[in-house]
Amino acid sequence: MKIKRSPGSRIFDFVNVFFLILLSLACFYPFYVIIISSISDGRDVMRGAVTLLPKNITLASYEVVMKDPYILISFRNSVFYTLVGTLINLIMTFLCAYPLSRPDLIGRKWLMRLMTFTMFFSGGMIPTFLVVNSLGMVDTVWAMLIPGALSTYNMIVTRSFLQEIPEGLHESAALDGASEMCILTRIILPLSKAILATMALFYAVGHWNSYMNALLYLNDKNLYPIQSILRNMVVQGQMSGAMEIGSGSDFLIVDTTIKYAVIMVATLPIIIVYPLLQKYFVKGVMIGSIKG
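Reading guide: rules and limits
- Residues numbered from 1 in each chain as written.
- Predicted model: local features only at pLDDT ≥ 70, side-chain atom pairs only at ≥ 80, totals over all residues.
- Heavy atoms only, no water.
- Phe/Tyr/Trp six-rings, centres within 6.5 Å; stacked < 30°, edge-to-face > 60°.
- Helix = DSSP H or I, 4+ residues; strand = E, 2+ residues; numbered from the N terminus.
- Lys NZ or Arg CZ within 6 Å of the ring centre and 35° of its normal.
- Salt bridge = Lys/Arg side-chain N within 4 Å of Asp/Glu carboxyl O.
- Buried < 20%, exposed > 50% of the residue type's maximum accessible area, 1.4 Å probe, protein only.
- Core = buried A, V, L, I, M, F, W, Y, C linked by side-chain atoms within 4.5 Å.
- Contact = heavy atoms within 4.5 Å.

Colleague: Would you take a moment to explain the packing of aromatic side chains for this structure?
Modeller: Any aromatic ring pair is given by two values, namely how distant the centres are and how the planes are angled relative to each other. By the definition in use, this model includes 6 aromatic pairs. Ring geometry for Phe14 versus Phe18: centroids 6.3 Å apart, planes at 10°, classification stacked. Of this pair, Phe14 and Phe18 both sit in helix H1 (residues 7–38), separated by 4 residues, roughly a single helical turn. Taking the centre distance of 6.0 Å and the plane angle of 10° together, the rings of Phe129 and Tyr217 count as stacked. Highlighted residues: Phe129 in helix H6 (residues 125–134) and Tyr217 in helix H12 (residues 212–217), separated in sequence by 88 residues. One cation-aromatic arrangement involves Arg113 over Trp110; the distance from NZ or CZ to the ring centre is 4.8 Å. Its end group placed over the ring of Tyr70, Lys221 keeps NZ or CZ at 4.6 Å from the ring centre.

Colleague: Looking at this model, I keep getting lost on the pattern of salt bridges. Mind explaining?
Modeller: Pairing between side chains of opposite charge can happen when their charged atoms approach one another. Under the counting rule described, the total for this entry stands at 2 salt bridges. Among the ionic pairs, Arg102 bridges to Asp104, the shortest N-O distance being 4.0 Å. With a shortest N-O distance of 2.8 Å, Arg102 and Glu167 are connected by a salt bridge. Of this pair, Arg102 sits in the loop between helix H4 (69–101) and helix H5 (108–120) while Glu167 sits in helix H9 (residues 167–175), and the two are 65 residues apart along the sequence. Where salt bridges share partners, they join Arg102, Asp104 and Glu167 into one cluster.

Colleague: Explain the environment of Val33 here, please?
Modeller: Relative to the assigned elements, Val33 resides in helix H1. Assessed through its relative accessible area of 18%, Val33 is described here as buried. Along the sequence, Val33 and Pro54 sit 21 residues apart, while their C-alpha atoms lie 8.8 Å from each other.

Colleague: So what exactly am I meant to see when it comes to the nonpolar core here?
Modeller: Nonpolar side chains tend to gather and get buried jointly when the protein is soluble and globular. One finds Tyr62, Val65, Ile71, Tyr81, Leu218, Ile258 and Val262 to be the most contacted residues of the largest nonpolar core, which totals 28 residues. Mapped by element, the contributors of at least two residues to this core are helix H3 (60–67), H4, helix H7 (142–145), helix H13 (226–234) and helix H14 (248–288). Those residues in contact with Tyr81 that sit more than four places away from it in its chain are Thr86, Val141, Met144, Leu145, His207, Leu218, Leu223 and Pro225.

What follows is the structure in structure tokens.
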């Protein structure tokens, strides 16, 4: 049976859909402009002629980007930081969240309070740098992986998810003689695919977009992630290695289109990965948010 809807409800739905469409276009259009500008002739981009459709399509900017050694090295570094960093994050988060989700853990409430305290108060940038420097991690890949190995917020969400798993499963396995490690690996982990995928998405996006740690801890350009190269190009106007060609207006034209091409190269991988994990995203967050 069709439910008869009031005129006010229809108007609300129309306004809501119209507003969401406008909001989606406002978010998508700048990205679309970057795409069409990256494949357009630089002179048309500089004249502001590229608005809805690309002009004089060319892949010259992408060819220059692919030939630049620092872009390729930084892209490889970002892939490494994202994969290894996300793995470290998941291991640390799960190993911290699982004990805190157990009701028989002694001092669980106090441990949770200490962990929550770190969400609001930290040592600050300079003390953190001094700690990283004293550990000998400056100018190493570990400076990009270890300082942010655990997110308290993500740990709390994971802990809340684990608390939703029936306690009877744990008790039954314990009665059968299973150890805590066996219960964790054979029962808890297979039931936690949704939250693991959600946390992997959170951490991976954070690693891929991160440039602050590189700005603080890395001096060697060969260790830079792609976002650091992109930041230097867009914010400071610095071009790297093979890109510093030409002079005058020709160089400015190439510079403009190359920036758009690098933005696309830096953004495309995470856009491809996101839909693959999206089906787990809502499920993992909603289940993990039932309990605080």
